[in-house]
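This is what each chain is made of:
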Amino acid sequence: MVYDNGTKKQLTNWALNFWVEDELIVWIDQPSFDIKAYCNGEIYTIEKAIDTKAIKEFKIGRNIFIYNDLNNHLKIFYEGHVYDSRTSNIINFKCAKNTAAFYDEFYNEFRVFYKGNFSTICTYNPKEFEVSDDQVVYIDINDYFMVFYADQTIKLLSYHPNYYKTDNSIVFFNYLMEYFVFYKGKTYSLEKFIQQI
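Engineer: Would you mind going over the sheet that holds strand β13 (residues 109-114) with me for this structure?
Structural biologist: Strands pair in a sheet through their backbones, by hydrogen bonds, and they do so in one of two ways: parallel or antiparallel. Pairing is antiparallel across the open sheet formed by four strands, whose spatial order is β11-β12-β13-β14. Looking at strand neighbours, the two that pair on one side only are β11 (93-96) and β14 (117-122), the edges of this open sheet. Sheet twist, expressed as the mean angle between neighbouring strand axes with direction ignored, is 20 degrees. In the sheet, β11 pairs with strand β12 (residues 99-104) via four bridges, with the strands oriented antiparallel.

As structure tokens, this is what we get:
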């Protein structure tokens, strides 16, 4: 059952397992083993099962579900639609609200899915990356600290930060003795510490 917008609704008679985020519920339906989802008041079938399996690896974000199907094709369920990345054998993928990112080894592309569209950010494997709501932060091959936000790529630092963390729609990072926040397309300096001698 789900209680949504003041109304109780039955999703299935039997769920083998289920995962819940802010705007999305995904479950393994029984006895079919199909992968189903509930979002925006509707029930959707994401993948039909073959025998007792429908997908392999997966991750769930606030309103997005990314997974490898049984043929190892990377797909994304978002806003009631399944988007095929047209890539396969993807191991490293992450997602958050409206956004997913992955590295395609075959084509040597770091790609982002954002609100229904795929974009190639760069043609190499980033050293590291994290995904949060509507953005992807990553360290590129030159150690630049970058963010993909609102369909554009922005350089935050020309160096690898000493520390960074991204959560919801905020990126917090520091370099040497200065602390910064990136929020909705802008970088703000928080504090600059001067070491006492």
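Engineer: Before we go on, may I ask you to explain the packing of aromatic side chains in this structure?
Structural biologist: The description of two aromatic rings rests on the distance between their centres and on the angle between their planes. Applying the stated criterion to the full structure yields 19 aromatic pairs. Arranged with centres 5.4 Å apart and planes meeting at 65 degrees, the rings of F110 and Y138 form a pair that is edge-to-face. Pair noted here: F110 is in strand β13 and Y138 is in strand β16 (residues 135-139), with a separation of 28 residues, a long-range link. As far as the burial class goes, F110 and Y138 line up, both buried. Taking the centre distance of 5.2 Å and the plane angle of 20 degrees together, the rings of F173 and F180 count as stacked. When its relative accessible area of 0% is taken as the criterion, F173 is described as buried. Connected via pairs of aromatic rings, a cluster forms that spans Y78, Y83, F102, F113 and F118. Its guanidinium or amino end placed over the ring of F93, K59 lies 5.4 Å from that ring's centre, counting from NZ or CZ. Between the NZ or CZ atom of K155 and the centre of the ring of Y144, over which it lies, the distance is 4.1 Å.

Parameters and conventions
Residues numbered from 1 in each chain as written. Predicted model: local features only at pLDDT ≥ 70, side-chain atom pairs only at ≥ 80, totals over all residues. Heavy atoms only, no water. Pairing = 2+ DSSP bridges. Helix = DSSP H or I, 4+ residues; strand = E, 2+ residues; numbered from the N terminus. Axes fitted to C-alpha atoms, helices over the stretch in contact; angles between N-to-C directions. Phe/Tyr/Trp six-rings, centres within 6.5 Å; stacked < 30°, edge-to-face > 60°. Buried < 20%, exposed > 50% of the residue type's maximum accessible area, 1.4 Å probe, protein only. Lys NZ or Arg CZ within 6 Å of the ring centre and 35° of its normal.

Honestly, that's just the spatial picture; any functional story needs more than this.
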